[in-house]
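# A closer look at the structure
Here is how the chains run, residue by residue.
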Protein chains: 2
Amino acid sequence: MKLLKKKIMTDGKVVNDALLKVDSFLNHQIEPELMKEIGREFAERFKDAKVTKVLTIEASGIAAALMTALYLDVPLVFARKKKSAVTEENLYAAEVYSFTKKETNRVTVASEFLADGDQILIIDDFLANGEAVLGLCNIVEQAKANVVGVGIVIEKSFQPGCEKIRKAGYRLESLARIHSFSDGRVNFMQDDTK
Amino acid sequence: MKLLKKKIMTDGKVVNDALLKVDSFLNHQIEPELMKEIGREFAERFKDAKVTKVLTIEASGIAAALMTALYLDVPLVFARKKKSAVTEENLYAAEVYSFTKKETNRVTVASEFLADGDQILIIDDFLANGEAVLGLCNIVEQAKANVVGVGIVIEKSFQPGCEKIRKAGYRLESLARIHSFSDGRVNFMQDDTK
């Protein structure tokens with residue numbers, strides 16, 4: 001997605017060989033118009049997938065997922081990172097390890113919001129090791145629903161997540177695919193031409 | 001906001017005398033079209049406040065805040081509940097106690113995203129004791145920015161938050177104001193006629 005890649009080049013900050021900060025427009029400060037275009041793009045790419053619900057994980061996936069759900073005209077569900085204080089017997093849960101934060105979270109979705117036969121589109125802001133996405137896929141399968149695709153705003157293609165998701169048989173669409181960082185610059189994958 | 005109050009009456013679940021669950025459309029599953037109308041309503045109510053930025057707190061405030069920011073055509077910033085793994089020297093922080101979760105979180109905003117003179121509209125999904133909103137007000141004031149108003153989706157008017165916010169001198173606009181719960185039903189404030 002050209003608009004997004006341009007934004008990454010102008011406003012992203014390469015912190016080191018593996019880390020890109022996009023706080024100024026994606027995951028701390030958010031530009032609503034950019035997020036709207038991101039939602040429109042995901043909706044376009046998955047328009048034939050008969051999506052019945054969008055699923056993401058709190059917190060930084062919510063904005064992109066909401067705009068996608070708006071364009072697809074389906075509800076959004078965001079998985080929670082720890083159990084709500086309201087007692088809830090019927091939960092689907094998965095353990096998700098975050099390499100960035102070096103902690104394991106219990107990710108949960110109330111079972112009433114995922115139905116047998118639902119066609120689920122998973123959206124997240126970043127893909128690195130793929131733990132969060134695979135945890136969400138696990139939850140969807142517990143509910144006997146189908147993962148019709150995974151939409152990622154920024155994929156770090158040099159980390160194992162994208163390969164793991166494709167090998168598990170899921171359709172993956174990433175709006176910006178990063179090959180590497182060098183000298184503080186972002187290099188996109190050569191075949192990332194959309 | 002009539003559409004919202006109707007939704008609360010049909011789909012909200014009164015758990016006990018103080019607790020209302022709105023998981024099915026507001027803070028776990030989200031209806032994008034309703035959220036869009038909520039954003040439009042906040043933008044309308046604060047259209048003369050010269051808002052330069054919308055501020056909320058992760059995670060369940062993000063959807064309403066994003067739609068508000070979209071209609072006001074300003075950026076959104078969401079405060080984080082614990083320090084990001086990326087080292088960040090320049091943070092504004094406030095301690096926020098959650099009565100629901102019985103825990104204190106350190107809420108932070110990177111200082112680069114709040115500027116001296118910014119006109120900040122704070123948006124959140126629920127108002128009960130007001131701790132989260134007052135923590136955000138504190139952060140805005142650390143930045144020498146101005147809180148031009150506080151927009152709340154659902155206010156539990158029988159809890160102390162709304163009074164605390166008004167006494168502190170902030171303009172408060174709540175889209176649904178709940179007087180009480182009785183026999184599993186929601187009673188709105190009599191003067192909540194918008």
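Residues numbered from 1 in each chain as written. Chains lettered and ligands numbered in written order. Predicted model: local features only at pLDDT ≥ 70, side-chain atom pairs only at ≥ 80, totals over all residues. Heavy atoms only, no water.

### Concerning the overall build of chain A
Secondary structure assignment for chain A yields 6 helices and 11 strands. Relative to the 2.2 N^0.38 estimate, which gives 16 Å for 194 residues, the radius of gyration of chain A is 16 Å and therefore close to what a compact globule would have. Along the longest, intermediate and shortest principal axes, the C-alpha atoms of chain A span 50 × 35 × 30 Å. A buried classification covers 59% of the 194 residues belonging to chain A. For chain A, the proportion of contacts with a sequence separation of at least 24, taken over those separated by at least 6, is 60%. Surface summary for chain A: the accessible area is close to 8,300 Å², and the carbon and sulfur share equals 47%. (Helix = DSSP H or I, 4+ residues; strand = E, 2+ residues; numbered from the N terminus. Rg over C-alpha atoms; globule rule 2.2 N^0.38 Å. Buried < 20%, exposed > 50% of the residue type's maximum accessible area, 1.4 Å probe, protein only. Contact = heavy atoms within 4.5 Å. Areas by Shrake-Rupley, 256 points an atom, 1.4 Å probe, with all protein chains shown as cover.)

### Some thoughts on the relation of the copies chain B and chain A
Overlay of chain B on chain A (RMSD 0.0 Å): rotation 180°, translation along the axis 0.0 Å. Read as a symmetry element, the transformation amounts to a two-fold axis. Judged by C-alpha distance, B:A59 is the residue of chain B that lies nearest the rotation axis, at 2.5 Å. Most of the interface of chain B is mirrored in chain A: 100% of its interface residues are interface residues there too. (Least-squares fit on C-alpha atoms with pLDDT ≥ 70 in both.)

### Some words on the sheet that holds strand β5 (residues 76–79) of chain A
Across the sheet, 7 strands lie side by side as β11(A)-β10(A)-β9(A)-β8(A)-β4(A)-β5(A)-β3(B); this open sheet has mixed pairing. Two strands bound the open sheet, and with one partner strand each, they are β11 (185–188) of chain A together with β3 (29–30) of chain B. The sheet strands contacting helix α4 (residues 62–72) of chain A are β4 (53–57), β5, β8 (119–127) and β9 (146–156) of chain A together with β3 of chain B, and the helix crosses β4(A) at an angle near 175°. (Pairing = 2+ DSSP bridges. Axes fitted to C-alpha atoms, helices over the stretch in contact; angles between N-to-C directions.)

### Here we look at α4(A)
All names here are of chain A. Buried residues dominate α4, accounting for 10 of its 11 residues. All of the buried residues along α4 are I62, A63, A64, A65, L66, M67, T68, A69, L70 and L72. Directly after α4, the chain includes D73, whose backbone phi takes a positive value near 60°.

### Some remarks on the environment of B:Y71
Residue and element names in this part refer to chain B. By the secondary structure assignment, Y71 is in helix α4 (residues 62–72). With 35 residues separating them in the primary sequence, Y71 and K36 have C-alpha atoms 8.9 Å apart. If sequence neighbours within four positions are ignored, Y71 has contacts with K36, G39, R40 and A43.

### Thoughts on the packing of α4(A) against helix α3 (residues 32–45) of chain B
For the pair α4(A) and α3(B), interaxial distance at closest approach is 9 Å and the crossing angle is 110°. Looking at the two axes, α4(A) sits roughly perpendicular to α3(B). Side by side, α4(A) and α3(B) meet where A:L66, A:A69 and A:L70 of the first sit next to B:P32, B:E33, B:M35 and B:K36 of the second. Among the residues forming the contact of α4(A) with α3(B), the class breakdown is 5 nonpolar, no polar and 2 charged. (Parallel < 35°, antiparallel > 145°, perpendicular 65-115°, else oblique. Nonpolar A, V, L, I, M, F, W, Y, C, P; charged D, E, K, R; others polar.)

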